[in-house]
Amino acid sequence: MESTPPIDAQLLEILRCPVAVHYKDHGDDPGKLELVKGTWLVCADSGYKYPIHNGIPIMLVDVGAKWKDTPLEELPIPAPAE
């Protein structure tokens, strides 16, 4: 039995970090997100980390900023509801 992915692959493909998407010095498509630990979306361009709660990414700038300085290995699983 296959498990349900934490976020739809097509959604992950189009989502961008709301901070980094405005960067002019990070190539043609800044703000791409990577799924980390199955419950976090992480932006390499900005360092912001967004939790996924009940399959919904919490893409608020203040939430991403809150986790920015947390090392990947210290991100809680499951991600907290913000």
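Report on the accompanying structure. Model, not experiment: these values are computed from the prediction.

### Considerations on the nonpolar core
Part 1 of the argument: Grouped together as the largest cluster of nonpolar side chains are 11 residues: Ile7, Leu15, Cys17, Val19, Ala20, Leu33, Leu41, Cys43, Tyr48, Tyr50 and Ile52.
Part 2 of the argument: Those elements that provide at least two residues to this core are strand S2 (40-43) and strand S3 (49-53).
Part 3 of the argument: Excluding residues within four positions of it along the chain, tyrosine 48 makes contact with Cys17, Val19, Leu41, Val42, Cys43, Val61, Gly64, Ala65 and Lys68.
Part 4 of the argument: If you look at the next biggest cluster of nonpolar residues, it comprises eight residues, including Val36, Val42, Ile58 and Trp67.

### Focus: the pattern of salt bridges
Part 1 of the argument: Scanning all chains against the criterion turns up two salt bridges.
Part 2 of the argument: Across the pair arginine 16 and aspartate 29 runs a salt bridge whose closest N-O atoms are separated by 2.7 Å. In this pair, arginine 16 is assigned in the loop between helix H1 (9-14) and strand S1 (33-36) and aspartate 29 in the loop between H1 and S1, connecting sequence segments 13 residues apart.
Part 3 of the argument: Among the salt bridges present, the one from lysine 32 reaches aspartate 29, with a minimum N-O distance of 3.8 Å.

Cut-offs used in this document
- Residues numbered from 1 in each chain as written.
- Predicted model: local features only at pLDDT ≥ 70, side-chain atom pairs only at ≥ 80, totals over all residues.
- Heavy atoms only, no water.
- Core = buried A, V, L, I, M, F, W, Y, C linked by side-chain atoms within 4.5 Å.
- Buried < 20%, exposed > 50% of the residue type's maximum accessible area, 1.4 Å probe, protein only.
- Helix = DSSP H or I, 4+ residues; strand = E, 2+ residues; numbered from the N terminus.
- Contact = heavy atoms within 4.5 Å.
- Salt bridge = Lys/Arg side-chain N within 4 Å of Asp/Glu carboxyl O.

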